[in-house]
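Tertiary structure, described
What follows is the residue order along each chain.
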Amino acid sequence: MTTYIDPSRETFEAFKALPRDTPIHMLNLLLYREEADYPAGHEHAGKGWSGRRAYEEYGRTSGPIFARVGGSIVWRGMFETMVTGPADRVWHDGFVAQYPNADAFFEMIKDPEYQRAVVNRTAALVDSRLVRFAPGEGGSTFG
């Protein structure tokens, strides 16, 4: 099984080529490691944290930056079962993060405090997906 933690050069270039001045929704799917995998010498290495605990630390340390750029969580849920898709593919958690625009996302990931915080995300995850959507209208039908 191929796993993903960070974007490839090609996918990040495609993201950067999209409009930067419109609101965006980012679907996040997360699969945690049993035990977080911190680099040697990191302050949390050897603490025996679970991947979920390391991701909580990522949320605690990156949250103020996320909020400062105007981000918010518009939906969050815990995985239950795959209905359509490979039966062996599971996720622990999912959420949709909203940003006022792509520039806000870029501001966040370039922030030095965020860059220090993201090591917790990397240590936490064995696999993830990050998918950009343009926000649409809700309603009572699928179309």
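Up top is the structure.
So, a few notes on the structure that sits alongside this text.

**Re the packing of aromatic side chains**
Overall, the coordinates contain 11 aromatic pairs when judged by the stated rule. Here the aromatic rings of Tyr 58 and Tyr 114 are separated by 6.0 Å at their centres, their planes lie at 70°, and the arrangement is edge-to-face. Taken as a pair, Tyr 58 in helix H2 (residues 51–68) and Tyr 114 in helix H4 (residues 112–124) lie far apart in primary sequence, 56 residues in all. You'll find Tyr 58 and Tyr 114 in the same group, each marked buried. Ring geometry for Phe 66 versus Tyr 99: centroids 5.4 Å apart, planes at 80°, classification edge-to-face. Remark: Tyr 99 occurs in strand S3 (residues 93–99) and Phe 66 occurs in helix H2; sequence separation between them is 33 residues. The same class applies to Phe 66 as to Tyr 99, namely buried.

Reading the values: rules and limits
Residues numbered from 1 in each chain as written. Predicted model: local features only at pLDDT ≥ 70, side-chain atom pairs only at ≥ 80, totals over all residues. Heavy atoms only, no water. Phe/Tyr/Trp six-rings, centres within 6.5 Å; stacked < 30°, edge-to-face > 60°. Helix = DSSP H or I, 4+ residues; strand = E, 2+ residues; numbered from the N terminus. Buried < 20%, exposed > 50% of the residue type's maximum accessible area, 1.4 Å probe, protein only.

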